[in-house]
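Inside the fold
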Amino acid sequence: METGLQTELQKQAQLQKEAELQKNAGLQKEAGKKMSLLMFSGEYDKAMAGLILANAARDIEVEVTMFFAFWGLFLLRDPERMTQEDKTVYEKLLGWMSPKGAEDLPLSRMNFSGLGKWMLTEMIEDQEAPKLIHFLKGARKKTVKFYGCRLSLEIMGIRPEELIPELEVVDAQTYLRDALASDVQLFI
Amino acid sequence: METGLQTELQKQAQLQKEAELQKNAGLQKEAGKKMSLLMFSGEYDKAMAGLILANAARDIEVEVTMFFAFWGLFLLRDPERMTQEDKTVYEKLLGWMSPKGAEDLPLSRMNFSGLGKWMLTEMIEDQEAPKLIHFLKGARKKTVKFYGCRLSLEIMGIRPEELIPELEVVDAQTYLRDALASDVQLFI
Amino acid sequence: METGLQTELQKQAQLQKEAELQKNAGLQKEAGKKMSLLMFSGEYDKAMAGLILANAARDIEVEVTMFFAFWGLFLLRDPERMTQEDKTVYEKLLGWMSPKGAEDLPLSRMNFSGLGKWMLTEMIEDQEAPKLIHFLKGARKKTVKFYGCRLSLEIMGIRPEELIPELEVVDAQTYLRDALASDVQLFI
């Protein structure tokens with residue numbers, strides 16, 4: 001595991017170096033542009049798509065807002081900060097049955113009770129491509145704006161403290177105003 | 001049930017009052033802006049997301065068009081206006097097997113043959129949040145524009161008379177022109 | 001089969017004639033406008049929605065880019081150009097288990113191991129509406145720009161030679177720049 005972590009860190013360092021090189025080579029920026037992603041589905045592959053786009057956009061200085069609603073919130077769960085205190089039976093049940101953070105998300109297709117998911121992550125490793133959790137770390141480091149849907153949190157009985165600390169809890173109108181001011185909006 | 005209905009009406013009245021208050025408090029409008037939602041999936045949670053956005057947008061005077069295609073059309077079914085007359089065997093079969101209006105839609109995830117859906121609606125009630133049907137009523141009252149995809153209606157053998165009366169049946173190009181003139185477009 | 005093909009060709013010719021007529025009748029163009037579709041899901045009904053929009057957009061001179069990622073790539077597979085050479089076990093497994101081109105895609109809902117899909121395609125034929133493969137042909141003929149996601153191809157072990165020849169393999173940033181310059185962007 002230790003070695004696995006080191007390999008990951010080396011890989012990250014390598015990626016960062018490549019990014020720097022590209023920058024110096026004069027990668028054309030799109031500063032002043034803005035992208036808004038509504039992260040609804042909470043599936044591994046779709047979360048990957050959203051986070052790859054978010055990282056790629058930040059690399060060319062596009063501002064990025066990710067608004068997490070419904071199942072999308074499971075991506076931001078911190079497994080070490082989960083709590084069952086003061087929750088109703090339904091909220092506890094949902095807490096138990098739902099994914100515990102980014103790497104625990106299922107696939108949107110061919111999941112086969114986790115077998116397909118396992119195979120895909122193996123294929124990602126074979127290509128030495130970063131895993132979902134690394135794209136999430138990248139997005140946090142590159143200052144993507146993280147919004148969480150207040151109504152979804154209330155209905156699902158998830159507390160903001162159970163999610164990543166950057167998350168700002170907002171209502172649908174805050175998302176909308178931000179989306180209206182963006183150049184690209186996607187519902188993922 | 002009578003009491004349930006009264007509670008709902010009170011809740012709606014309360015929501016409306018709050019909306020008025022916000023208005024008077026000078027809620028910043030986004031008049032002249034436009035949002036276009038392509039409602040494809042016909043799932044309870046995704047329909048909820050679309051309708052919450054539509055209602056929130058109308059509250060700040062954003063124009064909203066919802067274009068319903070394929071499974072999305074099941075959201076607009078009026079259970080009391082369904083008919084099997086002049087339908088082929090396939091059309092009848094699809095009519096029987098598919099959801100009969102908004103509250104009958106399944107979840108996009110964790111539906112568990114309806115158990116997950118039932119749990120979610122219980123959780124919505126626990127929070128005294130409005131149900132899907134109320135968001136649909138809100139959108140109709142707030143004059144969201146309802147478009148239905150002609151080709152989808154034809155293929156699925158659904159007649160416009162079986163859907164809500166506000167629905168205008170249009171082709172893909174009418175949707176496109178409207179979307180091209182919008183500030184936000186989402187495929188839900 | 002021969003007759004089926006002829007009927008299809010006649011239908012296509014008919015559609016083309018109708019398109020010409022509409023053009024001459026002065027169908028309002030939207031030249032200079034641009035649409036960007038991110039084709040992620042790889043399901044028959046969603047691919048149909050994307051391709052109908054792409055065709056409709058080209059008919060009014062809107063520029064269209066379709067960026068295929070993850071499952072979306074299965075739509076572009078040419079069953080006659082598939083290969084298992086130089087693939088890992090996982091890549092071969094994925095190749096066997098996944099859809100072999102447009103007409104082999106499953107439905108996003110009510111697929112019922114193919115029964116629902118079969119019923120829907122029968123209903124499409126009853127209406128003499130074109131099948132998915134015809135919309136794909138239409139999009140290719142009408143010069144939709146086909147982009148394929150490099151990272152997805154690498155992870156899934158699909159080679160560009162297995163897909164339609166128009167496909168240009170690009171990275172996420174190329175998609176992003178194109179999307180930022182578009183008037184409509186959808187994630188399908």
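Quick look at the structure, then. (Residues numbered from 1 in each chain as written. Chains lettered and ligands numbered in written order. Predicted model: local features only at pLDDT ≥ 70, side-chain atom pairs only at ≥ 80, totals over all residues. Heavy atoms only, no water.)

1. Considerations on the overall build of chain A
This is how the line gets drawn: A helix here means a DSSP run of H or I that spans at least four residues, while a strand means a run of E at least two residues long, and both kinds are numbered starting from the N terminus. Note on method: radius of gyration uses C-alpha positions; expected globular size equals 2.2 Å times residues raised to 0.38. Accessible area is worked out with a 1.4 Å probe on protein chains only. A residue is then buried under 20% of its type maximum, exposed over 50%, and partly exposed in between. Residues count as neighbours in contact if any of their non-hydrogen atoms are within 4.5 Å of one another. Only the protein chains shown count as cover for residues, and all accessible areas are computed by the Shrake-Rupley method using a 1.4 Å probe. Positive charge is attributed to Lys and Arg, negative charge to Asp and Glu, and no charge count is given to His or to the chain ends. Lys charges are placed at NZ, Arg charges at CZ, Asp charges at CG and Glu charges at CD.
Counting secondary structure elements, chain A contains 7 helices and 5 strands. Helices and strands in chain A line up, N terminus first, as α-β-α-β-α-α-α-β-α-β-α-β. Its C-alpha radius of gyration of 17 Å places chain A within 12% of the 16 Å reference for a compact globule of 188 residues. Each principal axis of the C-alpha distribution contributes one length, and for chain A these read about 55 × 45 × 30 Å. For chain A, the residues scored as buried account for 54% of the 188 residues in total. Taking as baseline every contact in chain A between residues at least 6 positions apart, the subset at least 24 positions apart corresponds to 77%. Carbon and sulfur atoms provide 53% of the accessible area of chain A, an area that totals close to 8500 Å². Mean positive and mean negative side-chain charge positions of chain A (24 and 29 charges, respectively) differ by 2 Å.

2. Examining the pairing of strand β3 (residues 145-149) of chain A
All names here are of chain A. Rule in force here: Here the rule is simple: two strands pair whenever DSSP picks up at least two bridges between them. Place the viewer so that the strands point away; then a crossover is right-handed whenever the path from the first strand over the helix to the second strand goes clockwise.
In terms of burial, β3 is largely enclosed, as 4 of its 5 residues are buried. As paired strands, strand β2 (residues 63-68) and β3 are joined by 4 bridges and run parallel to one another. Pairing of Phe-68 across the sheet is with Gly-148, part of β3. Handedness of the β3-helix α6 (residues 150-156)-strand β4 (residues 168-170) crossover: right-handed.

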